[in-house]
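# Structure at a glance
The lines below spell out each chain.
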Amino acid sequence: MIDRPGLAQFLRRRRAALSPSDVGLPETSRRRTPGLRREEVAVLAGVSSDFYARLEQARGSDPSQSVVAALARALRCTPDERDHLFRLAGVPTPSRRVGRRLDPGLRQLAEHLDDLPTCVYNDLGDVLHTNALDDALHCRGELLPGRDSNVYWRWFTRPASRDLVPEADRARLSRAHVSDLRATSSRRGEDHEITELVAGLAAHSAEFGMLWDQHDVAVRHSDLKDVQHPTVGLVRLRCEMLVTPGTGIRVRVLLPLEGTDAADKLDLLRVIGTQRFAEAE
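Cut-off values and rules
Residues numbered from 1 in each chain as written. Predicted model: local features only at pLDDT ≥ 70, side-chain atom pairs only at ≥ 80, totals over all residues. Heavy atoms only, no water. Pairing = 2+ DSSP bridges. Helix = DSSP H or I, 4+ residues; strand = E, 2+ residues; numbered from the N terminus. Axes fitted to C-alpha atoms, helices over the stretch in contact; angles between N-to-C directions. Contact = heavy atoms within 4.5 Å. Parallel < 35°, antiparallel > 145°, perpendicular 65-115°, else oblique. Left-handed = near helix turned anticlockwise from the far one by under 90°. Nonpolar A, V, L, I, M, F, W, Y, C, P; charged D, E, K, R; others polar. Buried < 20%, exposed > 50% of the residue type's maximum accessible area, 1.4 Å probe, protein only.

Another point: the sheet that holds strand 2 (residues 127–130). Taken together, 5 strands build an open sheet; the order of strands is 2-1-5-4-3 and the sheet is antiparallel. Each having just a single partner strand, strand 2 and strand 3 (222–229) make up the two edges of the open sheet. Across the sheet, the axes of successive neighbouring strands diverge by a mean angle of 25°, strand direction being ignored. Taken together, the 7 bridges between strand 4 (residues 233–243) and strand 5 (residues 250–256) define a ladder with antiparallel strand orientation. Bridge pairing in strand 5 links V243 to R250. With respect to the sheet, helix 9 (residues 167–188) is in contact with strand 3 and strand 5, its orientation differing from that of strand 3 by roughly 135°.

Listed below in structure tokens is the structure:
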């Protein structure tokens, strides 16, 4: 079913985020507001200006799948934004299965990354594998069953899960988590697992609900991450994410940030990492 208010909001946000040069149009100095004009989007998508205007006003006839695809191209949507647009418009997106285990190749890759903190989880946020160095860095004990080992659930419902993250970084990471989960929701449509997870998060976290309503969509592929470790102090890291296209499983690898002492601190954690740190609660 079409989500007219959500579709209208998303179209307006995408249009405002583009400049004429982004879509091959000449820049002019007589624009009263940033972004493309409605008429320009309509021409790029091959639809009438009136039809497009009604979509942004949350009214009019339902767009067809081909029209939605044309709008995604006109608005230069990323693959994740395109899936989200399709879902808002009520047209089908390809279904994808949830990754529940590591296939042999992915497990072999993860096992070869023991010198770097590595965590593997699926696109719902369920952790499937961590190595000893990642556990030592995050003061993690045994993985807990159910949602207590879910990346998103712990972040938004377990305040202690943020203790190792400097306060200045927490809002940014919250936004990244929600936009990542939005991309999963767009890919999976009405899949009951994602809808139940989102409903539960919204019920338990006002912060999550507020960010969810902003409709930001993106799978995180790289980032910077600081960890305030109780033993070795601040560890500054570069986060790289490898995402499998079929199942959406993510392999998150943390590398020492160049120009910092992170490599030495990881070496120290590698030495003392044979002991299990008590989980922060």
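Back to the write-up after that little detour.
Let us look at the packing of helix 5 (residues 79–89) against helix 9. Look at helix 5 against helix 9: their axes get within 8 Å of each other, and the N-to-C directions meet at 55°. Between helix 5 and helix 9, the crossing angle belongs to the class labelled oblique. Taken as a pair, helix 5 and helix 9 cross one another with a handedness that is left-handed. In contact with D80, D83, H84 and R87 of helix 5, helix 9 contributes R182, A183, S185, S186 and R187. Its residues assigned to classes, the contact of helix 5 with helix 9 shows 1 nonpolar, 3 polar and 5 charged.

Structurally, C119 can be placed in strand 1 (residues 118–121). Looking at C119, the relative accessible area reads 4%, which means it is buried. Each C-alpha atom, one on C119 and one on L133, is 9.8 Å from the other, the two residues being 14 residues apart in sequence. Those residues in contact with C119 that lie beyond four places of it in its chain are V127, H129, T130, D134, R250, V251 and R252.

This paragraph deals with the environment of C139. Turning to its location among the elements, C139 is positioned in the loop between helix 7 (132–137) and helix 8 (151–157). Given the relative accessible area of 7%, C139 is considered buried.

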